[in-house]
Amino acid sequence: MKKTARYFSKKKYLLKTILTSKVKSTIDRYKKCRFWLTKGLWHVANNWKETAPVASRKTAGIDGMFQGLDENRDVLVKRLDAGQELYPNCDTSIWLRNCTHDIPTPVQGKIEGKIPEWLSGSLLRNGPGSTQVGNYEFKHIFDSSALLHRFAFKNGAVSYQCRFLESNTYKQNKAAQRIVITEFGTRACPDPCKTIFHRVSNVFKWGNDQSDNAMISIYPIGDEYYAFTENPIMIKINPTTLETLNTIDIARMTGIVHHTAHPHMAADGAVFNLATVPKIDGPHYCVVKFPRVDSESGYQYSTDEMFGRMCIVATIKCRWPLHPGYMHSFGITEHYFIVVEQPLSISLSTTMINRFKGDPMYSALKWFQDCPTLIYLISRSDGKTLKTFKSDAFFYLHIINQYEEDDNVVIDICCYRDPSMIDCMFVEALRNLNKNPDYAAMFRSRPLRFVLPVNHNPTSGDIVNEHLYISPEKLCDLGCETPRINDLKIGTKYRFFYAISSDVDAENPGTLIKVDTYNKTCKTWCEKNVYPSEPIFVSSPDAEDEDDGVILSSIIWGGSECTHKAGVIVLDAKSWTEIGRAVFITQSPVPKCLHGWYAAAV
């Protein structure tokens, strides 16, 4: 009995020691982070009156550009009361299809028309693959499990395959058959094994409880291809097999807590991205560079070496220390970085509470309608902010292009009145599209051009709180999203951009658009019940003009009878007419995708 008592006494002591150690470790981590909180955020909070959102002057500017575009709401309500569909031409179920299994072996497509034989490469695509995990469902389309697609072109033939991105999040969800990790708009199912100490400690660290579901875009870095999301990770993929390889954890390499899903590729192979980094005096926007070539020796770094030599080349302090702006893309020209700080912010206090409670990031987004959008012009030579411009409040995801002309910097952006379009992408909102008389207005965008005078000496009438006020012009009167241009024109003066329609109340919402920015004219391509994705330009071998080449766009068909059908269309970029297409009958439903990349000779 004495031996048994001593045994349990030792076990009790050991258990107490382990528990004490874990509690002490959690408290130590909290104390380390508390230094930044107390010395940083608490300090700037005392000066909140100087940096808090302040109402800007009211103008007809951007808001006026949207007037008259929306159908009368009373008319829509009457149609709704009469049992009519509000947007009968728009099938949002294309976003909600669930791929049930991979298609790892390429399947050949049926060719209609003619596929140019000089096309030799792969159109890689990324986007939502499934909104379901077991018996559970994601709340927002941005939370869906990432699905990779590949359309391979060779000798006039096209093959198709798809594969789920096997991120850590995907593997955990699949193993548990439930939503294990909280996403942008979806709260994870509670884990009974996690104690309050887990939740407290997870507030202050990046770890396995953070989503690495990289379902937004694909970009090349060095000789390799990576799937991107806005969390600070990149997942390497095999562009031929679509296999998931290794993960690059930027958060562990630096202090980055967020980066955009749309980096820029320089002519020498260097990669630039915009990141958010916490500092002692509050969060900063930082432009990070992954160099490809050694400036002195000309040695070309491998992709691993590029990551190892990542450095910050420009820094600018967020205007609101407790509310850094939400960033999805940024601009770059020969001499400047352009950071567009919209009044959609991420509340740091709400974020901290969300981490503890396990709530999604969406609830931390704060929109300040009466505050302006700021546009920062930053020198690439020394990383210093040269000028700050001010415009009416607007929301954006995608910058079309930017370039220098004379003494101006021109930047074109797909703009919304406010961030309501994010609400439109909730699964429930997509299902109830035809019951919401505000849906089309919420999703309304227009491409706007902002001209920033670099050397202009403004008069007092031009200045608002020491920032030059900029009023944009409209490039066309169609809603445009996922814009792309001839990649050789990025950062330089250009004429054409290509996009898909964002007008759900259009006669045909599945429309591809070509915009001539010189003449402010548009060409459109559409086909009943066909929904194209982001149009990607590929130059022809003997190209002379900017639009000498083809547009590649993956397509799917609306309706419940076409869920197992996918395709890719090839348009002549100059005439905006169809050359050919490849159509595939698949064993699994194929949902609409988001962004991608054309990988030549892959």
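All values reported here derive from a predicted model rather than from experimental measurement.

Asker: Can you help me understand the overall build of the protein chain in this one?
Answerer: Looking only at helices and strands, the protein chain has 12 helices and 38 strands in total. Burial statistics for the protein chain: of 602 residues in total, 54% are counted as buried. Nonlocal contacts in the protein chain, meaning residues at least 24 apart in sequence, comprise 65% of its contacts between residues at least 6 apart. Accessible area for the protein chain stands at about 26600 Å²; split by element, carbon and sulfur atoms hold 52% of it.

Asker: Sorry, what's going on with the pairing of strand S21 (residues 373-379) here?
Answerer: Each regular strand carries side chains that alternate between the two faces of the sheet. Within S21, seven of the seven residues are buried, leaving the element largely enclosed by the surrounding structure. Neither face of S21 is open: one carries Thr 373, Ile 375, Leu 377 and Ser 379, the other Leu 374, Tyr 376 and Ile 378, and all of them are buried. Strand direction decides the pairing type here: strand S18 (residues 336-341) and S21, joined by six bridges, are antiparallel. Across the sheet, residue Tyr 336 finds its bridge partner in S21, namely Ser 379. For S21 and strand S22 (residues 385-391), the ladder comprises six bridges, and the chain directions are antiparallel. Residue Ile 378 lies in a different strand from S22, and its bridge partner there is Thr 385. In sequence, S21 turns back onto S22 through a hairpin of five residues, with Gly 383 there showing a positive phi of about 75 degrees.

Asker: For this particular structure, what's the right way to read the nonpolar core?
Answerer: Side chains of a nonpolar character, in soluble globular proteins, are inclined to be buried together. If you look at the biggest cluster of nonpolar residues, it comprises 90 residues, and the most contacted ones within it are Tyr 87, Phe 153, Met 234, Phe 290 and Leu 552. Among the elements that take part in this core, strand S6 (residues 145-154) stands out by supplying five residues, more than any other. Setting aside residues up to four positions removed in sequence, Phe 290 forms contacts with Met 234, Ile 250, Ala 270, Val 271, Met 306, Phe 307 and Met 310. Counting residues in hydrophobic clusters, the runner-up holds 39 residues, among them Phe 330, Ile 375, Tyr 376 and Ile 399.

Asker: Help me understand helix H5 (residues 168-176), please; the structure alone is not making it clear to me.
Answerer: Residue pairs spaced three or four apart in an α-helix point in one direction, given the helix's 3.6 residues per turn. Considered for burial, the residues of H5 that qualify are Thr 169, Tyr 170 and Asn 173. Buried residues in H5, looked at end-on, bunch into an arc of 100 degrees, giving them a common side. Taken together, the buried residues of H5 touch strand S4 (132-133), S6 and strand S7 (157-164). Looking one or two residues past H5, Gln 177 carries a phi angle of roughly 55 degrees, positive in sign.

Asker: Quick question: what am I supposed to make of the packing of aromatic side chains here?
Answerer: By convention here, two paired aromatic rings are described through the distance between centres and the angle between planes. Enumeration over the complete set of coordinates arrives at 23 aromatic pairs. With centroids separated by 5.7 Å and ring planes inclined at 55 degrees, the aromatic side chains of Phe 272 and Phe 337 adopt a geometry described as tilted. With Phe 272 in strand S14 (residues 271-279) and Phe 337 in strand S18, the pair connects residues that are 65 residues apart, well separated along the chain. Among the residues examined, Phe 272 registers a relative accessible area of 4% and is labelled buried. Accessibility expressed as a relative area gives 1% for Phe 337, which makes it buried. The interplanar angle of 10 degrees and the centroid separation of 6.2 Å between the aromatic rings of Tyr 439 and Phe 443 together place this pair among those described as stacked. Considered together, Tyr 439 and Phe 443 belong to a single accessibility category, that of buried residues. In this structure an aromatic cluster arises from ring pairing among Tyr 87, Phe 395, Tyr 416, Tyr 439 and Phe 443. Across the ring face of Trp 320, the terminal group of Arg 319 is positioned such that the distance to the ring centre comes to 4.2 Å.

Asker: Is there a simple way to think about the sheet that holds strand S32 (residues 521-526) in this case?
Answerer: Strand pairing in a sheet relies on backbone hydrogen bonds, with the paired strands running either antiparallel or parallel. Strand order across the open sheet formed by four strands is S29-S30-S31-S32, with antiparallel pairing between neighbours. Unpaired on one side and paired on the other, strand S29 (480-484) and S32 mark the two borders of the sheet. Sheet twist, expressed as the mean angle between neighbouring strand axes with direction ignored, is 30 degrees. With three bridges joining them, S29 and strand S30 (residues 496-501) adopt antiparallel strand pairing. Residue pairing in the sheet places Glu 481 in a bridge with Ile 500 of S30.

Asker: Before we go on, may I ask you to explain unusual backbone geometry in this structure?
Answerer: Note: most residues except glycine have negative phi, and most peptide bonds are trans. With a phi angle near 60 degrees, Lys 520 is a residue other than glycine that sits in the positive phi range. Checked against the element boundaries, Lys 520 lands in the loop between strand S31 (511-516) and S32. Here Lys 520 falls in the partly exposed class, since its relative accessible area comes to 31%. With a phi angle near 60 degrees, Ala 601 is a residue other than glycine that sits in the positive phi range.

Asker: Can you walk me through the sheet that holds strand S25 (residues 445-453) in this structure?
Answerer: Taken in spatial order, the four strands of this open sheet run S23-S24-S25-S28, and their pairing is antiparallel. Looking at strand neighbours, the two that pair on one side only are strand S23 (395-405) and strand S28 (473-474), the edges of this open sheet. Of the pairings in the sheet, the one linking strand S24 (residues 408-416) to S25 comprises nine bridges and is antiparallel in character. Paired with Ile 411 across the two strands is Phe 450, which belongs to S25.

Asker: I keep staring at the pairing of S18 and nothing clicks. Help me out?
Answerer: Among the six residues in S18, six count as buried, and that is most of the element. Here S18 shows no split at all, with Tyr 336, Ile 338 and Val 340 on one side and Phe 337, Val 339 and Glu 341 on the other all buried. The turn joining strand S17 (residues 331-332) and S18, which pair antiparallel and follow one another in sequence, is formed by three residues.

So, how was this worked out
Residues numbered from 1 in each chain as written. Predicted model: local features only at pLDDT ≥ 70, side-chain atom pairs only at ≥ 80, totals over all residues. Heavy atoms only, no water. Helix = DSSP H or I, 4+ residues; strand = E, 2+ residues; numbered from the N terminus. Buried < 20%, exposed > 50% of the residue type's maximum accessible area, 1.4 Å probe, protein only. Contact = heavy atoms within 4.5 Å. Areas by Shrake-Rupley, 256 points an atom, 1.4 Å probe, with all protein chains shown as cover. Pairing = 2+ DSSP bridges. Core = buried A, V, L, I, M, F, W, Y, C linked by side-chain atoms within 4.5 Å. Arc of directions from axis to C-beta. Phe/Tyr/Trp six-rings, centres within 6.5 Å; stacked < 30°, edge-to-face > 60°. Lys NZ or Arg CZ within 6 Å of the ring centre and 35° of its normal. Axes fitted to C-alpha atoms, helices over the stretch in contact; angles between N-to-C directions.

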